[in-house]
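The lines below spell out each chain.
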Amino acid sequence: MLPASDFSIPAATTTTYYTLLSLSLNETISPLSPLRTLSIADCILTIGDFEVRSRLIIIMNEDDRLDDEEWDALAAIANALATPNRKVHFSDATEVAHRFEHSLSFGDQDTSGESHQALPEFVASESATGIFKAPNRAAVDPNRPPALELRPHPLRETQGGKFLRTIGCTDTQLWAGQETGVRFWNYSDAYEIRTGLRRGDEDAAPFCESASTAPTLSLVVDEGNKLVWTGHMDGKIRSWKMDHTVASDSAPFMEGLSWQAHSGPILSMVFSSYGDLWAGFEGGIIKIWPWDVLEKSLSLSSEEKHMAALLLERSMMDLKSQVTVNGVCSISSSDVKIILSDHIRGRVWCAGSVTISLWDAQSKELIKVFNMDGQIENRVGMPTQEQPVEDEMKVKLTSTSKKEKSRGFLQRSHDAIMGAADAVRQVATRSAGAYYDDNKKIEALVMTADGIIWSGCSNGLLVQWDGRGNRLQEFNHHSCSVLCFCTQGSHVWVGYASGVVQLLYLDGNLLAGWVAHSSPVVKMAIGGGCIFSLATHGGIRGWNLTTPGPIDNILRAELAAKEELYTRRESFKILVGTWNVGQGKASPESLKSWLGSTVSDVGIVVVGLQEVDMGAGFLAMSAAKETVGIEGTAIGQWWQEAIGKAIDEFSAFERVGSRQLAGLLISIWVRRTLRTHVGDLDVAAVACGFGHMIGNKGGVGLRLRVHDRVMCFINCHLAAHLKAVNRRNADFDHIYRTMVFNQQSNLLNIAARVLRCLILSCSLALCAYLFWMLYSSGLPLVLSLAAGVSSASEVLRAANAMSSKPEEGRPDLAEADMVVFLGDFNYRLFGISYDEARDFISQRSFDWLREKDQLRAEMKAGKVFQGMREAIIRFPPTYKFERNQPGLGGYDSGRIPAWCDRIIYRDNRSALLSDCNLDCPVVSSAVQYEACMDVTESDHKPVRCKLFIRIAHVDKSVRRKVFGDIMNNNEQIRTLLQELSVVPETVVSTDSVILQNQETSSLLITNKSEKDMAAFHVPSIQAKYTNKKTKGEKYSNTRSFDESPSLTSLATGKVSLFAFDPSLLRKNFSLRTDRLRVSSGFSFWVSHILGF
């Protein structure tokens, strides 16, 4: 047996690849030019008890250049083979073909120590365009501040009935509304690890959950009564007691007071400055429950709950009915999604889609209604975009003139179908809403410490308003929709649909911004020293109030130093198969040979098929169905079921998802033992045929998370014919740049699906005349009709793309940790005849044939699949064969054989040799790449590639614990937090506060600091507020702090004067203190102070 050192080569050799051939002595050695032969030696190979006389040849590319060290290593290998008929022992047959290649490439080992021989690879040239490079990964993201992962991103499949919709903070807890009730986290348990939580919450901090209710849509915190109020889908308002002492593993806690507020969902709620509860509903309805009735209802015993509910239901005030005269309403009929209370001026802002109504909180009178341009709306109850759009759908098919009737039947059919398609396109365009036409849709409101109202729009526009509803200024720092606001002192936090969070100064200037989540940020709240952000996927992160600042740098360095404490590594195999089935079906034996025979050790199976079904009629029908989000066919379903049987789907694997576009189909199966770590499946489709409208060519893709790493699989069918190289390159580029992934159950905008009946009717009419039209005018007209119907779908896909891309100019595929392209790429052999190709195939001289491969040449030039890799091909060309003709003699003499069917991939590696860690979390290598030449049902042969995957991921529970240890124990952080908590010298004068009678009294607060700004709030008090900070202008309006503590900043040397009317004080009035005592026994407090 040869010593191992004879087969080694320096690890630095990463740019040169080598190939070892094992040939029987009776085979003819093919010409090696333009390759260079390094060594030829006859050896006797022993495999078990058998001896095989073989000839071993080491060859390399003619244009490769080796340094001296590499030449010495190759010379050592050559010398080892110099002795004729030397016996070389191999432990099994597979090593005969792969031993030398493995020694000349890199070897992979999984975490269990099992060796996996990696096949040598061809690496495409890098592109100057960065979108083809793997995304940067790190243990701690350098582009965003370190955050508390209160609830790490859960897999979507685990959240049935548990999706979080909104959050709110109390002094000690974070509350969240979900589809089946509410839950809360105690800040004191935020860093704890709790085992036994259900799937989806395994890594979340311990929490307590309520009994099941209807989905929670809105939530408001009532510090005065120590309650959390929630609005639900069933129209009920429920109260929940704060500061529950129940354990997270105990029985669900129950609701308190509740009543039927409306027949429809409660979209928004807020407490006004007078303690009244305002709620917004669909259709522009606004209802109010007075504070005194709320107090009375809360004072009733639990046995009197029914009486309390009746009292509240009867005390409701409907504002919309009050402003409707003779059937004309003064406010918009759009849904009231946002309600904001202006505690300074005693006003309430109610926002619909495009208008805002401003109300007096005390008199409940409408002050004015205005749009986003600041223009007064005299009558807003006129038809809006939310009302039916029948006018857009009217297709005048019956009022044809005599001249029109004289036109040919074919032309009139064409006009009718194109008219219907145009109507669908117009309605679909309009239905895209905020992301297309209505780019000023109101999405969020907030009032900052200086009394300015901010609004956020669906086009990213930020608008500032004064308290009277006058437009002040606008600015735009991001192109995606604004979804939420949060304000703290002199800063405003903005959450966007792209997952980005920005931090702004009160004057609108940008301080910082980062990608906070991988999905839209829908809600933010302040509590526990953090700004908590909720994303649509259910993840919650807490950002330090001092961000950006030195604490972030300390946390980043400490977390990176402790990386190994929370790093976990996994390994598994993925089987990827591709086959152009040529509109046929396969026998169970063929599927077993292709897939079933090799799945015993794989965790994921991905199969891509091309030409499942074709033909002009099928393509047109497919384009029409795509318009309304209907995809899949009976034949596609047959293939999935047949493949499932071949791989033992019911006992070993679970089908996770699929996507079909015309004749393209991709499906994925996951082994049941791995299923708990796989999810968030998204799908995509890109048409490349006939002006990027028809799916005869194109790509379908699947994206999913595996051990918290993103993997994408794209099945492609590119342009055909030998000379269409540039078209194939362009098809790949179009697919890579424009593929946008969406949830399988929500491929297109829901509004477009409402038109399903119309589209299907048009499709049936199309099919009825299709054959006759094809016969009369040929294929181009038929395809033009399908293209017209498909264009509405393209509009919606463009809208989805604008709303979902996390970074402008960065395709979805560029953000994946691993990308695998499979399919019929249609690249051919060039500069060779059919007879020459057949000769080399019969001699198995694939090395020379590879030099004639178009795809390899284009990859080497950096024109396609830039930076990606493919295992060296050792199987015969897979195209084109006569059907049902076994063996290599079945090649079609009319076509030059070609490797059309390929599998190409990339991972996180920037070099061929990279360790698997959090900086390079996905490392892959091909351990099998072959064609199944015994399958004869198509003119293509199926191809399979087995990839060995190593993944490094973060144990979120452990890292949260490490994060907490750093926050609590790091001396630098503790010192910085103590410095930020110092209260500037502030004088609180309480000399004239008298609460025993009904006289109006005053409270004077003075900030005597010369460098710091004091922040304060007075919770649960109704107060007459006089603003003395603005020269020449005073406001004397009622102010309270019934909702959440309202933070007000007091500049250096400035004075704030509060005048109180004791008659407005709530029953059971209580205050939190810090602790500045007043002689009357009531307490006021100065809140947590920050240096701005």
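Small disclaimer: the values here were computed from a predicted structure and weren't measured.

Rules used throughout
- Residues numbered from 1 in each chain as written.
- Predicted model: local features only at pLDDT ≥ 70, side-chain atom pairs only at ≥ 80, totals over all residues.
- Heavy atoms only, no water.
- Helix = DSSP H or I, 4+ residues; strand = E, 2+ residues; numbered from the N terminus.
- Buried < 20%, exposed > 50% of the residue type's maximum accessible area, 1.4 Å probe, protein only.
- Contact = heavy atoms within 4.5 Å.
- Areas by Shrake-Rupley, 256 points an atom, 1.4 Å probe, with all protein chains shown as cover.
- 1 Å grid on protein atoms, 1.4 Å probe; cavity = no way out; pocket = protein on both sides within 12 Å on 5 of 7 lines; lining within 4 Å.
- Points joined across faces, edges and corners; volume = space filled by probe spheres on them.
- Nonpolar A, V, L, I, M, F, W, Y, C, P; charged D, E, K, R; others polar.
- Pairing = 2+ DSSP bridges.
- Axes fitted to C-alpha atoms, helices over the stretch in contact; angles between N-to-C directions.
- Expected span 1.5 Å × (residues − 1).

### Here we look at the overall build of the protein chain
Here comes step 1: Helix and strand counts for the protein chain come out as 23 helices and 59 strands.
Here comes step 2: Per-residue burial for the protein chain yields a buried fraction of 57% across its 1092 residues.
Here comes step 3: Taking as baseline every contact in the protein chain between residues at least 6 positions apart, the subset at least 24 positions apart corresponds to 67%.
Here comes step 4: If you sum the accessible surface of the protein chain, you get close to 43,400 Å²; carbon and sulfur atoms cover 50% of it.

### Here's the deal with empty space enclosed by the protein
Here comes step 1: Under the defined criterion, the tally for this structure stands at ten cavities of 30 Å³ or more.
Here comes step 2: What the largest cavity holds in volume is close to 100 Å³.
Here comes step 3: Around the largest cavity, the lining comprises 13 residues; the ones closest to its centre are Ser332, Cys350, Gly352, Thr355 and Ser357.
Here comes step 4: It is strand S25 (residues 355-360) that contributes the most residues to the lining of the largest cavity, three residues altogether.
Here comes step 5: Its residues assigned to classes, the lining of the largest cavity comprises seven nonpolar, six polar and no charged.

### Considerations on the sheet that holds strand S32 (residues 491-496)
Here comes step 1: Taken together, four strands build an open sheet; the order of strands is S31-S32-S33-S34 and the sheet is antiparallel. The open sheet has two edge strands, strand S31 (482-488) and strand S34 (510-515), and neither has a second partner. Between one strand and the next, the sheet's axes are offset by a mean angle of 15°, whatever the strand orientation.

### A closer look at the pairing of S31
Here comes step 1: Within S31, five of the seven residues are buried, leaving the element largely enclosed by the surrounding structure.
Here comes step 2: The sheet contact formed by S31 and S32 spans six bridges and is antiparallel. Counted as the bridge partner of Phe485 is Val494 from S32.
Here comes step 3: With antiparallel pairing between neighbouring strands as the criterion, S31 and S32 make up a hairpin whose turn holds two residues, including Gly489 at a positive phi of roughly 60°.

### A word on the sheet that holds strand S12 (residues 208-209)
Here comes step 1: Here we have four strands laid out as an open sheet, ordered S9-S10-S11-S12, and antiparallel in their pairing. Sheet topology places strand S9 (164-169) and S12 at the edges, where each strand pairs with a single neighbour.
Here comes step 2: Pairing of strand S11 (residues 181-186) with S12 involves two bridges; the strand directions are antiparallel. The partner of Phe184 across the bridge, within S12, is Cys208.

### Observations regarding unusual backbone geometry
Here comes step 1: Of note, the bond from Thr547 into Pro548 is cis; its omega dihedral lies within 30 degrees of zero at -10°.
Here comes step 2: Position of Pro548 relative to the elements: it lies in the loop between strand S37 (540-544) and helix H9 (550-561).
Here comes step 3: Of the consecutive residues Tyr879 and Lys880, the connecting peptide bond is found in the cis state with omega at 5°.
Here comes step 4: The topology assignment puts Lys880 in the loop between strand S47 (869-871) and strand S48 (901-906).
Here comes step 5: Phi is positive for Ala662, which is not a glycine, with a value near 55°.
Here comes step 6: On the secondary structure map, Ala662 appears in the loop between strand S40 (653-661) and strand S41 (664-671).
Here comes step 7: Despite not being glycine, Asn884 shows a phi value in the positive range, around 60°.
Here comes step 8: A residue is classified by how much of its surface remains accessible, and Asn884, at 54% relative accessible area, is exposed.

### A few points about helix H15 (residues 725-738)
Here comes step 1: Taking 1.5 Å per residue as the helical rise, H15 with its 14 residues ought to reach 20 Å, and the 20 Å between its terminal C-alpha atoms agrees with that figure.
Here comes step 2: Every buried residue belonging to H15 is among Val725, Arg728, Asn729, Asp731, Phe732, His734, Ile735 and Tyr736, and all of these are buried.

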